[in-house]
Each structure stands twice: as structure tokens, then as C-alpha cells.
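An overview of the molecular structure
So the chains spell out like this:
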Amino acid sequence: QVQLVESGGGLVQAGGSLRLSCAASGRTFSIYAMGWFRQAPGKEREFVAAITWSGGSTYYADSVKGRFTISRDNAKNTVYLQMNSLKPEDTAIYYCAASSRSLTLYNYWGQGTQVTVSS
């Protein structure tokens, strides 16, 4: 099992920045990739960004490319999501996820952290 704990959410004005963190514990050696997803009120959960744990390859949704950056610190078993130039449409609960197999199937999820961007 892998446990994930997110932190760093909050309220920010449009154009501002936030950095989310996700600390992994447990069987972290089994992690292949970690990702960030978000779910806005009344909408389905959507992919935001992902990173492979060993090679550090990164992937982004078109809606956040150029504004968000995903990174990881293997020594701390932590993944980060730096969010710049935030927009009101970025408002959502952000979830951290870990996959032991691929970039598209995630089997471990955090509890989520709220990000609210005011206009």
C-alpha cells in the first residue's frame, strides 16, 4: 500500500501562485508514476499533470501547459505541483495519485486539497 497526503491548497487571487505538495509513504518503491488530478464542482475529475518516478518524464493537460510545473524529490518521496498564473477556472479540489504500473491507471489516491482562485 501507498499512502498519499496533499498539502498547500488555499485561496489566491487570479494571476497568483500556489505550490501543492504530496508526500508518499508505505511501499514507495512500487511507484511508477505520480499525478495530479482535479475536480471542480459539478464536473468530472480531470487529469492535470504526471511525472514518472525514476526518469522524471512529465506530462500536462493542455489547459495548464506553460503555467503549471510538476516535479519530484525522490529522497523525500514527495511530488510537487507549482501553479502559476492561476485562473478562476483552476478552482477545484486537487488530488494526488500514484500508479504502480502506468501513466493512465492510478491505484492510490490522496484525500484532496482545495484550491480556490478568486477573480
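As a reminder, the structure under discussion sits directly above these lines.
In this text the structure is predicted, and so the values were computed from the model without any measurement.

What follows deals with the overall build of the chain. Broken down by element type, the chain carries 0 helices and 11 strands. The order of α-helices and β-strands along the chain, N terminus first, is β-β-β-β-β-β-β-β-β-β-β. A compact globule built from 119 residues should have a C-alpha radius of gyration of about 14 Å, and the chain, at 13 Å, falls within 12% of that. Along the first, second and third principal axes, the C-alpha set of the chain runs to 40 × 25 × 25 Å. Going through the 119 residues of the chain one by one, you find that 44% of them count as buried.

Attention now goes to the pattern of salt bridges. Tallied over the full model, the rule gives 4 salt bridges. Residues Arg 67 and Asp 90 are paired through a salt bridge, measuring 2.7 Å at the closest nitrogen-oxygen approach. Of this pair, Arg 67 sits in the loop between strand 6 (58–60) and strand 7 (68–73) while Asp 90 is found in the loop between strand 8 (78–83) and strand 9 (92–99), placing the two residues 23 residues apart along the sequence. Like Asp 90, Arg 67 is buried. Members of the salt-bridge network, linked through shared partners, are Arg 38, Glu 46, Arg 67 and Asp 90.

Under the criterion given, the structure shown has 1 disulfide. Put simply, Cys 22 and Cys 96 are joined by a disulfide, and their sulfur atoms are 2.0 Å apart. What sets the handedness of the Cys 22 and Cys 96 disulfide is the S-S torsion sign, and at about -80° it is left-handed. Residue Cys 22 is found in strand 3 (residues 18–26), and its partner Cys 96 is found in strand 9; the two are separated by 74 residues along the sequence.

This part covers the sheet that holds strand 3. As summarised here, the arrangement of the 4 strands in space is 1-3-8-7, forming an open sheet in which the pairing is antiparallel. If you trace the sheet from one side to the other, it starts and ends with strand 1 (2–7) and strand 7, each paired once. The sheet shows a mean angle of 15° between the axes of neighbouring strands, taken without regard to direction. Two elements, strand 1 and strand 3, share 6 bridges in a ladder whose sense is antiparallel. Paired with Gln 3 across the strands is Ser 25, a residue of strand 3.

We now examine the side chain of Thr 28. Along the polypeptide, Thr 28 turns up in the loop between strand 3 and strand 4 (33–39). Under the relative-accessibility criterion, Thr 28 is labelled buried at 14%. Sequence-distant contacts of Thr 28, that is, excluding residues within four places in its chain, are made with Val 2, Trp 53 and Asn 77.

Cut-off values and rules
Residues numbered from 1 in each chain as written. Predicted model: local features only at pLDDT ≥ 70, side-chain atom pairs only at ≥ 80, totals over all residues. Heavy atoms only, no water. Helix = DSSP H or I, 4+ residues; strand = E, 2+ residues; numbered from the N terminus. Rg over C-alpha atoms; globule rule 2.2 N^0.38 Å. Buried < 20%, exposed > 50% of the residue type's maximum accessible area, 1.4 Å probe, protein only. Salt bridge = Lys/Arg side-chain N within 4 Å of Asp/Glu carboxyl O. Disulfide = S-S within 2.5 Å. Pairing = 2+ DSSP bridges. Axes fitted to C-alpha atoms, helices over the stretch in contact; angles between N-to-C directions. Contact = heavy atoms within 4.5 Å.

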